[in-house]
Amino acid sequence: MSLEVDRLECGYDRAPILHGVSLRVGPGELVAVVGSNGAGKTTLVRTIAGLLTVRSGDLRVDGSSFARTSAARRARSGIVMVPEGRRLFPQLTVGENIEMGRRAARGRTGGEDPVAALLDAFPILTERWDQQANLLSGGEQQMVALTRAVAARPRYLLLDEPSLGLSPLKTLEVFRLIEMIRERTGAGILLVEQMADQALQAADRAYVLELGRVSMEGPAAEVRASDEVRRAYLGVAG
Amino acid sequence: MGKLRSMHKALGVAAATALALTGCGGGADAGGATGSAGEDGVITVKLGVVGPKTGPASLYYEYMDQTFETFSDDFEEKYDVRFEVISEDDQASPEETARAVSRLINEKGVHALMGPPLSGNSLQVADVVQKSQLPWLLPGPNADEIINYDIQPNWAFMTNFTNQQIMAVLGERLWANGQKVGIVYSADGFGQSNLQHLKSWAEENGHEVTAEETIQPGASDANAIIQRFKDSGVDSVFMGITQGADTATVTRAIEQAGFEPKTIMTTGTILTNYKDVADPSQWEKIQIVDPRNFLEGGDSEVLAAVREATGEAPAIPTNNISTYAILDIYAQAVQEVGDATDFEAVRQAIEDIETVHIGDSLTIENPFSEDDHVLYDDDPAKWHTYGFDENFELVHLGTAAECLQKSC
Amino acid sequence: MDALVLGLVLGGLYALLAQSFVLTFITTKTLNFAVGEFVALGAFVVLAVAGWSWLPDVGKLAVGVLVAAVVGAAAYRFLVVPFMTEGEHDVRWLLSTVALSFVMLNLITNVEGPSPQRSETARLSGAVDVLGAGVSKQQLLIAVLAVVVTVLLVVASKKTSAGLVMRAVSQDPETTSLMGVSPRLVGMVTYAVAMGIAALTGTLYAATVGASPVMGAPLLVASIAVAVVGGLSSLWGPLLGGALYGVLSEVTSYEFGAIWGETAGLLLVIVVLVWRPQGLLGRRTEVKL
Ligand SMILES: Nc1ncnc2c1ncn2[C@@H]1O[C@H](COP(=O)(O)OP(=O)(O)O)[C@@H](O)[C@H]1O
Ligand SMILES: [Mg+2]
């Protein structure tokens with residue numbers, strides 16, 4: 001029972017970007033992928049979500065391949081992505097954005113409404129419910145994007161740089177929300193971050209992506225403690 | 001191989017020429033169309049016919065075809081002249097017309113040429129045909145410009161009315177009793193030509209056009225046009241419109257605006273595509289003029305015979321009649337000369353023809369002269385005025401002259 | 001006053017058809033240049049079933065609308081989708097829909113012949129007096145329908161979940177696919193609705209001018225103009241554009257003659273394009289044309 005990426009190769013037009021990336025996210029697990037700008041993190045996440053096509057290698061969930069299905073179908077099966085830059089529907093209200101998230105959960109209802117708990121914990125969402133999404137601050141937008149993803153009842157959640165462009169304070173809040181989502185939904189989370197420190201603190205396991213290849217993997221604490229990572233990603237000298 | 005074939009051809013032509021020269025013709029052509037009398041005393045004429053056999057304008061070929069089918073036996077019986085028709089499809093396109101005409105003249109060696117039926121195409125080949133010095137039979141087109149009488153002897157003969165003639169007859173009627181005339185014409189060659197001829201007739205006769213408006217093909221309404229007519233006091237309307245559907249748009253607007261002009265005249269184009277998209281109340285007051293009497297006499301006999309022989313409606317009734325007329329004229333001329341290949345003699349015989357027969361009971365005397373190669377003239381006493389009943393059948397209202405007096 | 005009323009009514013006809021362009025543009029950022037032939041298709045399908053006397057006129061209209069809708073959805077799937085794969089600047093769909101227009105025109109002409117045929121379905125004859133102007137009942141019906149269809153579309157887009165999806169796709173199709181909704185399916189549905197509207201326009205218009213293969217062509221230019229003036233991305237756009245275009249061209253025709261009417265309408269388009277490229281009610285989006 002897990003989301004598996006198996007020797008994945010993909011890219012744009014001619015240029016190959018990922019050269020045989022393999023990784024695994026278990027249910028309820030929080031896995032971080034760290035890497036510098038241009039390493040291929042976004043490419044990886046977009047390929048898993050179905051926005052880019054797989055050239056070779058495979059994508060599986062619970063053992064069965066989904067490498068050839070459409071993005072919409074993947075979303076409906078519970079593989080949900082929060083894209084880089086949040087990508088809210090700018091002219092829809094907060095409520096409508098979240099309503100759109102629910103579309104992916106159609107046919108997978110039952111149990112408590114996962115959104116309700118988030119709304120309780122973050123009353124700002126309810127306050128802003130009827131406001132147009134592009135009028136929100138960056139932090140608020142990221143909260144809405146995450147809530148929209150939760151509305152889709154994810155089994156696996158792919159987060160592409162959720163802290164991008166946020167102040168440290170807001171970043172903390174976003175990580176608090178991610179933590180809560182993990183508890184509430186039991187989804188496996190693949191968290192991609194350039195700001196490695198926070199991600200590695202939160203994660204169970206981690207992969208380091210360098211120029212389209214996995215250069216290191218292991219328990220998040222170990223990866224965080226390694227010299228290369230400290231030098232390259234955590235800004236610690238020597 | 002190619003050389004061999006062309007040699008064969010050359011030999012064939014030489015042999016044919018020799019036979020013709022020695023006067024023992026007969027077998028040279030496949031159909032035996034030598035242009036002079038055969039053993040049975042019948043002269044077989046090789047007649048080239050050009051027209052749109054295929055394509056959207058095919059009605060303009062069909063009327064010629066129907067007329068041949070119906071009457072060739074009659075002509076043979078009457079004048080001992082048999083037509084061997086060699087036809088070419090011009091698809092109504094100018095390029096194809098030029099090609100077809102030159103093929104008929106140069107390769108097929110026809111004795112006379114009939115068509116093309118569309119004015120524009122005829123205009124385009126006029127010089128070529130005049131130079132070929134073959135009798136040119138024109139039952140279809142209406143453009144005066146096709147015949148340039150500076151060329152003498154002139155080879156072209158028309159048995160339809162010309163634009164100038166119909167505009168003269170219409171002009172008399174439109175401006176009768178000092179009426180104010182509005183013209184609505186379609187924005188194409190036909191409409192422009194109507195406008196031009198009517199305006200120049202008006203100018204020559206000291207009238208002026210009160211309002212003139214174009215209608216685009218397929219226009220969705222003509223309300224503004226009619227409103228402008230109304231506002232400028234127009235009480236006599238002429239519609240020079242190519243498509244019956246556009247004519248319907250105009251008459252719909254007339255009805256809708258409650259506009260009630262004293263006179264509404266149009267052309268024969270209303271006979272196609274109008275009825276299906278208009279209502280009887282809209283065509284109640286519309287009239288057309290034509291030199292032919294479609295309802296009685298020789299003209300109507302021709303139409304009835306076509307209907308009976310082909311089992312179809314005459315493709316373009318006016319032109320079925322004019323095809324009959326030109327064939328009658330040409331057959332008589334060939335009979336008189338006795339040799340269809342003596343082109344100049346045949347031409348002269350046509351020009352001098354005394355009596356043209358249309359059907360059994362209509363005759364037209366001495367229609368042509370050196371500078372008049374058109375069957376009809378513009379004397380209102382010889383033209384007919386028609387209206388329409390509720391089934392859009394023609395109703396004869398009187399001659400154009402009569403309608404001028406009592407304004408029908 | 002007459003010109004005003006008649007212009008508004010005429011604008012209604014263009015507005016109804018313009019809605020076809022606006023709908024496909026909103027969700028797919030494409031325009032179907034074969035709309036004119038869908039107008040004819042609808043009219044001829046209705047003509048074909050006109051003899052089914054057990055079916056009321058509304059049912060016959062529905063048959064025409066449905067057939068055009070199915071053909072429209074297929075046209076999107078097979079002639080638009082494959083020709084917009086290379087991103088924003090891939091406008092090969094423009095050529096493929098123009099090609100479709102030629103093919104449909106030839107097919108319809110071969111089957112039905114070029115001449116207009118009378119259509120009695122949903123036909124109101126006669127005229128009514130509207131503020132002193134004689135307006136044909138049929139044209140009035142079309143104009144009223146333009147308003148009704150527009151209001152329905154606006155309400156649907158605001159109040160229904162299909163409308164929400166439509167708005168979402170128009171803003172960001174890729175993200176919509178992340179919400180489990182296939183933008184391609186939304187595109188097909190939109191094309192179906194849009195071509196259904198074209199067929200409806202065609203049937204009602206054919207009752208006046210007759211059904212003919214080329215009947216849509218003269219409407220096409222005016223309705224694209226109306227859509228552009230109102231704004232291709234606004235559902236209210238066609239009504240505003242139609243009113244302005246209709247009144248301006250009718251008033252100009254009254255004052256200066258019919259040839260100036262259409263010219264004035266097209267000048268309006270140019271002025272709007274210069275001053276507000278996105279149309280009067282349109283949102284500023286990157287237009288792919
Ligand atoms: N749309 C694209 N077309 C071509 N190359 C791209 C595109 N997007 C990203 N790339 C290239 O792919 C590589 C990986 O980019 P990306 O996956 O966005 O990296 P990251 O998210 O880790 O910063 C970079 O070299 C980038 O230039
Ligand atoms: Mg990235």
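Quick caveat, the model's predicted, so the values are computed rather than measured. (Residues numbered from 1 in each chain as written. Chains lettered and ligands numbered in written order. Predicted model: local features only at pLDDT ≥ 70, side-chain atom pairs only at ≥ 80, totals over all residues. Heavy atoms only, no water.)

So, about the overall build of chain B. Counting secondary structure elements, chain B contains 13 helices and 14 strands. Taking 22 Å as the expected radius of gyration for a compact globule of 408 residues, we find that chain B reaches 23 Å, a close match to that expectation. Projected onto its principal axes, the C-alpha coordinates of chain B cover approximately 75 × 45 × 45 Å. Relative to its full complement of 408 residues, chain B shows a buried share of 52%. Contacts in chain B between residues at least 24 apart in sequence constitute 67% of all its contacts with a sequence separation of at least 6. Of the accessible surface of chain B, which amounts to about 17,100 Å², a share of 48% is contributed by carbon and sulfur atoms. The averaged location of the 64 negative side-chain charges in chain B is 6 Å from the averaged location of its 25 positive side-chain charges. (Helix = DSSP H or I, 4+ residues; strand = E, 2+ residues; numbered from the N terminus. Rg over C-alpha atoms; globule rule 2.2 N^0.38 Å. Buried < 20%, exposed > 50% of the residue type's maximum accessible area, 1.4 Å probe, protein only. Contact = heavy atoms within 4.5 Å. Areas by Shrake-Rupley, 256 points an atom, 1.4 Å probe, with all protein chains shown as cover. Lys, Arg positive; Asp, Glu negative; His and termini not counted. Charge placed at Lys NZ, Arg CZ, Asp CG, Glu CD.)

Further remarks concern the sheet that holds strand 5 (residues 64-65) of chain A. Residue and element names in this part refer to chain A. Ordered in space as 2-1-4-5, the four strands form an open sheet in which the pairing is antiparallel. Each having just a single partner strand, strand 2 (15-25) and strand 5 make up the two edges of the open sheet. In this sheet, strand 2 lies alongside strand 1 (residues 3-12) in antiparallel orientation, the contact comprising eight bridges. Following the sheet pairing, Tyr12 is matched in strand 2 by Ala15. Of the strands in this sheet, strand 1, strand 2 and strand 4 (56-61) touch helix 1 (residues 41-49), which is tilted by about 115° from strand 1. (Pairing = 2+ DSSP bridges. Axes fitted to C-alpha atoms, helices over the stretch in contact; angles between N-to-C directions.)

For the structure shown, the criterion picks out 35 salt bridges over all chains. For A:Glu161, the salt bridge is made with A:Lys41, and the minimal N-O distance between the two is 3.9 Å. Separated by 120 residues along the polypeptide, A:Glu161 in the loop between strand 7 (156-160) and helix 7 (168-185) and A:Lys41 in helix 1 bring together distant segments of the chain. The class for A:Glu161 is buried, based on a relative accessible area of 5%. Relative accessible area serves as the criterion here: at 4%, A:Lys41 is assigned to the buried category. Among the ionic pairs, B:Glu213 bridges to B:Arg228, the shortest N-O distance being 2.6 Å. Within this pair, whereas B:Glu213 is found in strand 7 (residues 209-215), its partner B:Arg228 is found in helix 7 (residues 223-231), the two being separated by 15 residues in sequence. (Salt bridge = Lys/Arg side-chain N within 4 Å of Asp/Glu carboxyl O.)

Further remarks concern the site of ligand 1. Residue and element names in this part refer to chain A. Close contacts around ligand 1 come from Tyr12, Ile17, Ser36, Asn37, Gly38, Ala39, Gly40, Lys41, Thr42 and Thr43, and that covers them all. At 3.2 Å, a side-chain N or O of Asn37 approaches an oxygen atom of ligand 1. In this structure, Lys41 approaches ligand 1 through a main-chain N or O atom, which is 2.8 Å from an oxygen atom. Protein chains bury 57% of the 560 Å² of accessible surface belonging to ligand 1 in isolation. Here the element with the most residues in the shell around ligand 1 is helix 1; it accounts for three residues. Split by residue class, the shell around ligand 1 holds three nonpolar, six polar and one charged. (Near = heavy atom within 4 Å. Polar contact = N/O pair within 3.5 Å; in protein donor to acceptor, adjacent residues only side chain to side chain. Nonpolar A, V, L, I, M, F, W, Y, C, P; charged D, E, K, R; others polar.)

A few words now on the coordination of the magnesium ion (ligand 2). Residue and element names in this part refer to chain A. At 1.9 to 2.2 Å from the magnesium ion (ligand 2) lie its protein donor atoms, namely Thr42 (OG1) and Glu84 (OE). Linking Thr42 in helix 1 with Glu84 in the loop between strand 6 (79-82) and helix 3 (94-103), this pair joins segments that are 42 residues apart in sequence. Residue class for Thr42 comes out partly exposed when judged on its relative accessible area of 21%. (Donors = N, O, S within 2.8 Å, 3.2 Å for Na, K, Ca; no water.)

Turning our attention to the UniProt feature "domain: Leucine-binding protein" (unreviewed entry) in chain B. Within the UniProt annotation, "domain: Leucine-binding protein" (unreviewed entry) is assigned to residues 44-374 of chain B. The annotated region residues 44-374 of chain B carries 44% helix and 18% strand content, and the separation between its end C-alpha atoms amounts to 26 Å. (UniProt positions renumbered as here; feature names shortened; annotations may be inferred.)

All names here are of chain B. Helix 4 (residues 119-132) packs onto helix 3 (residues 94-107) with a crossing angle of 20° between their chain directions and a minimal axis gap of 9 Å. Relative to helix 4, the element helix 3 lies roughly parallel. The handedness of the crossing between helix 3 and helix 4 comes out as right-handed. Touching Pro94, Thr97, Ala98, Val101 and Ile105 of helix 3 are Asn121, Gln124, Val125, Val129 and Ser132, all from helix 4. The residue inventory of the contact of helix 3 with helix 4, partitioned by class, reads six nonpolar, four polar and no charged. (Parallel < 35°, antiparallel > 145°, perpendicular 65-115°, else oblique. Left-handed = near helix turned anticlockwise from the far one by under 90°.)

Here we take up the side chain of B:Thr266. Residue and element names in this part refer to chain B. As for its placement among the helices and strands, Thr266 is situated in strand 9 (residues 263-266). A polar contact is formed between the side chain of Thr266 and the backbone oxygen of Met239, at a distance of 2.8 Å. If we ignore the near neighbours within four places in the chain, the residues touching Thr266 are Leu170, Phe238, Met239, Ile286, Gln287 and Ile288.

With 30 residues of chain C in contact, the opposing surface of chain B contributes 22 residues. Roughly 2,000 Å² is buried in total at the junction of chain C and chain B, and carbon and sulfur atoms are behind 48% of that figure. If you sort the residues of chain C by the area they bury against chain B, C:Pro116, C:Arg118 and C:Tyr254 come out on top, with a joint share of 27%. The tally of links between chain C and chain B comes to two salt bridges. Note that B:Asp279 and C:Arg118 form a salt bridge whose closest N and O atoms lie 2.6 Å from each other. Along the contact surface separating chain C from chain B lie 12 residue pairs in polar contact (both at pLDDT 80 or more). (Buried area = accessible area lost by both parts, 1.4 Å probe.)

Another aspect to go through is the packing of aromatic side chains. How two aromatic rings sit relative to each other is set out by the distance from centre to centre and by the angle between their planes. All names here are of chain B. Under the criterion given, the structure shown has 18 aromatic pairs over all chains. A ring pair is formed by Phe75 and Phe83, whose centres lie 6.3 Å apart and whose planes are at 85°; its orientation type is edge-to-face. When its relative accessible area of 1% is taken as the criterion, Phe75 is described as buried. For the pair Trp175 and Trp201, a centre-to-centre distance of 5.9 Å together with 35° between the ring planes defines the contact as tilted. You can see Trp175 sitting in the loop between helix 5 (163-174) and strand 6 (181-186) and its partner Trp201 sitting in helix 6 (residues 189-204), a full 26 residues away along the chain. Look at Trp201 and you get buried, because its relative accessible area is 10%. (Phe/Tyr/Trp six-rings, centres within 6.5 Å; stacked < 30°, edge-to-face > 60°.)

Each partner contributes to the interface: chain A provides 21 residues, whereas chain C provides 17 residues. Both faces combined, the contact of chain A with chain C buries some 1,800 Å², and carbon together with sulfur accounts for 62% of it. Summed over the shared surface of chain A and chain C, the number is four salt bridges. Measuring nitrogen to oxygen at the nearest pair gives 2.8 Å for the salt bridge that ties A:Arg87 to C:Asp172. Summed over the shared surface of chain A and chain C, the result is nine residue pairs in polar contact (both at pLDDT 80 or more).

Residues and elements named next belong to chain C. Here helix 9 (residues 217-230) contains 14 residues, and its C-alpha end-to-end distance of 20 Å stays within 8% of the 20 Å for a straight helix at 1.5 Å per residue. Counting buried positions along helix 9 gives 10 out of 14 residues, so the element sits mostly inside the fold. Within helix 9, burial applies to Leu219, Leu220, Ala222, Ser223, Ala225, Val226, Ala227, Val228, Val229 and Gly230. Where helix 9 is buried, its residues touch helix 1 (2-28), helix 2 (35-48), helix 8 (183-209), helix 10 (237-256) and helix 11 (258-275). (Expected span 1.5 Å × (residues − 1).)

Position of A:Gly101 relative to the elements: it lies in helix 3. For the pair A:Gly101 and A:Arg148, spaced 47 residues apart in the sequence, the C-alpha separation amounts to 4.7 Å. Each residue touching A:Gly101, except ones within four places of it in the same chain, is listed here: A:Arg148, A:Ala151, A:Ala152 and C:Met179.

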